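Single-letter residue listing:
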Amino acid sequence: MPIDKVILVEGRSDKQRIMRLIAEPIEIVCTNGTVSVTRLEELLAPYDQLEIYVFVDADKSGEKLRALIKREFPEALHLYTEPAYREVATTPMKVLATVLLGANIDVKSEFIA
């Protein structure tokens, strides 16, 4: 099955957590923190024909990264964790599943409430 979506996350723990949830082939790319415009373009260049989703933390660095992505990749779809959880890595699995389902990303049935 071909990959037609990419999710951009901040760190490896975010990537691992989301990988446990998804039930379709999706590439998950880590920024490993805040990046420059050049680095962001390098990270996403291989995926320029795919739907880009951004799922970063609800904190200062996440919002800074989100603003950069909105400016450079306005077509990207932004997913948000609840501010009470602050980080993707600490958001409960069922909450993450709900966010992903809301973006039409297939989630493993055991995580659906």
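Scroll up to find the structure.
Read on for an overview of the structure. These figures come from a predicted structure and were not determined experimentally.

**Structural notes on the packing of aromatic side chains**
Phase 1 of the analysis: Applying the stated rule across the entire model yields zero aromatic pairs.
Phase 2 of the analysis: It is R66 that lies over the ring of Y80; its NZ or CZ is 4.0 Å from the centre.

**Brief notes about the pattern of salt bridges**
Phase 1 of the analysis: Using the criterion set out here, one finds four salt bridges in the structure.
Phase 2 of the analysis: One salt bridge in this structure joins E42 and R39, with 3.5 Å as the shortest N-O distance. Of this pair, E42 and R39 both sit in helix α2 (residues 37–44), three residues apart, which is roughly one turn of the helix.
Phase 3 of the analysis: In this structure, R71 engages E72 in a salt bridge whose closest nitrogen and oxygen atoms are separated by 3.8 Å.
Phase 4 of the analysis: Judged by relative accessible area, which is 57%, R71 ranks as exposed.

**Here we look at the packing of helix α1 (residues 12–21) against helix α4 (residues 93–102)**
Phase 1 of the analysis: α4 packs onto α1 with a crossing angle of 75° between their chain directions and a minimal axis gap of 10 Å. Our classification of the angle between α1 and α4 gives roughly perpendicular. Where α1 approaches α4, its residues R17, I18, R20 and L21 are matched on the opposing element by M93, L96, A97 and L100.
Phase 2 of the analysis: Among the residues making up the contact of α1 with α4, the classes are represented as six nonpolar, no polar and two charged.

About the thresholds
Residues numbered from 1 in each chain as written. Predicted model: local features only at pLDDT ≥ 70, side-chain atom pairs only at ≥ 80, totals over all residues. Heavy atoms only, no water. Phe/Tyr/Trp six-rings, centres within 6.5 Å; stacked < 30°, edge-to-face > 60°. Lys NZ or Arg CZ within 6 Å of the ring centre and 35° of its normal. Salt bridge = Lys/Arg side-chain N within 4 Å of Asp/Glu carboxyl O. Helix = DSSP H or I, 4+ residues; strand = E, 2+ residues; numbered from the N terminus. Buried < 20%, exposed > 50% of the residue type's maximum accessible area, 1.4 Å probe, protein only. Axes fitted to C-alpha atoms, helices over the stretch in contact; angles between N-to-C directions. Parallel < 35°, antiparallel > 145°, perpendicular 65-115°, else oblique. Contact = heavy atoms within 4.5 Å. Nonpolar A, V, L, I, M, F, W, Y, C, P; charged D, E, K, R; others polar.

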